[in-house]
Amino acid sequence: GFSLHATPSQVAFHFKRLMKVLEWGSLAYLGNEMYSQWQDCLEEEALCQDEREKRHTLRRELTERKLLKLERELHMKENESKRSKDRLDDDHAVVGE
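Residues numbered from 1 in each chain as written. Predicted model: local features only at pLDDT ≥ 70, side-chain atom pairs only at ≥ 80, totals over all residues. Heavy atoms only, no water.

### Focus: the overall build of the chain
Here is step 1: The helix and strand inventory of the chain stands at 2 helices and 0 strands.
Here is step 2: A compact globule built from 97 residues would reach a C-alpha radius of gyration of about 13 Å, whereas the chain, at 31 Å, exceeds it by more than 25%.
Here is step 3: Along the first, second and third principal axes, the C-alpha set of the chain runs to 100 × 30 × 25 Å.
Here is step 4: Scored against the burial criterion, the 97 residues of the chain give a buried share of 6%.
Here is step 5: When the accessible area of the chain is evaluated, it comes to approximately 9,100 Å², of which 57% is carbon and sulfur surface.
Here is step 6: For the chain, the centre of its 17 positive side-chain charges and the centre of its 20 negative side-chain charges are spaced 1 Å apart. (Helix = DSSP H or I, 4+ residues; strand = E, 2+ residues; numbered from the N terminus. Rg over C-alpha atoms; globule rule 2.2 N^0.38 Å. Buried < 20%, exposed > 50% of the residue type's maximum accessible area, 1.4 Å probe, protein only. Areas by Shrake-Rupley, 256 points an atom, 1.4 Å probe, with all protein chains shown as cover. Lys, Arg positive; Asp, Glu negative; His and termini not counted. Charge placed at Lys NZ, Arg CZ, Asp CG, Glu CD.)

Below, the structure written as structure tokens:
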């Protein structure tokens, strides 16, 4: 059968347009109880969206920190390698004299 998967905010967009065309108010159309449930549903969706955004931001920040740490480690190894090479070059210059 038919299965519709739409978020409450997606439904709300079309519902508001329908109410405007019909020149009805949402509260008058739904009644107090249904309107209250509808508002609760929209609030819950907004809270879930906020939580998703927070988790996404946290993951991005953790990834950025890991990348910065790896970058620092790479620079330290490159500098260490360069210092070792410079010491070897200095040792060879002294031996060659």
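Picking up after the structure, the text goes on.
### Topic: the state of the cysteines
Here is step 1: Evaluation of the coordinates by the stated rule reveals 0 disulfides.
Here is step 2: Lacking any disulfide linkage, C41 is separated from the closest cysteine sulfur, that of C48, by 9.5 Å.
Here is step 3: Judged by its relative accessible area of 33%, C41 is partly exposed.
Here is step 4: A residue is classified by how much of its surface remains accessible, and C48, at 35% relative accessible area, is partly exposed. (Disulfide = S-S within 2.5 Å.)

### Describing unusual backbone geometry
Peptide bonds are, in most cases, trans, and in most cases residues other than glycine have a negative phi.
Here is step 1: Of note in the backbone geometry, E23 takes a positive phi value of approximately 60° without being a glycine.
Here is step 2: In this structure, E23 sits in the loop between α1 (8–22) and α2 (26–96).
Here is step 3: Look at E23 and you get exposed, because its relative accessible area is 72%.

### Describing a nonpolar patch on the surface
Here is step 1: Taken together, L18, L22, W24 and Y29 make up a surface patch of nonpolar side chains, about 410 Å² in accessible area.
Here is step 2: In this fold, L18 is placed in helix α1.
Here is step 3: Using a relative accessible area of 41% as the deciding quantity, one classes L18 as partly exposed. (Patch = residues over 30% accessible without salt bridge, like charges linked within 9 Å, V, L, I, M, F, W, Y side chains within 5 Å. Salt bridge = Lys/Arg side-chain N within 4 Å of Asp/Glu carboxyl O.)

### Focus on the packing of aromatic side chains
Here is step 1: Enumeration over the complete set of coordinates arrives at 3 aromatic pairs.
Here is step 2: Considering the side-chain rings of F15 and Y29, the 6.0 Å spacing of their centres and the 55° angle between planes classify their relative orientation as tilted. Of the two residues, F15 sits in helix α1 while Y29 sits in helix α2, which places them 14 residues apart along the sequence.
Here is step 3: Its relative accessible area of 14% is what places F15 among the buried residues.
Here is step 4: Of the residues examined, Y29 reaches a relative accessible area of 41% and is grouped as partly exposed.
Here is step 5: Ring centres of W24 and Y29 lie 5.5 Å apart, and the angle between their planes is 65°; this geometry places the pair in the edge-to-face category.
Here is step 6: Assessed through its relative accessible area of 48%, W24 is described here as partly exposed.
Here is step 7: Counting every residue linked through ring pairs, the aromatic cluster contains F15, W24, Y29 and W38. (Phe/Tyr/Trp six-rings, centres within 6.5 Å; stacked < 30°, edge-to-face > 60°.)

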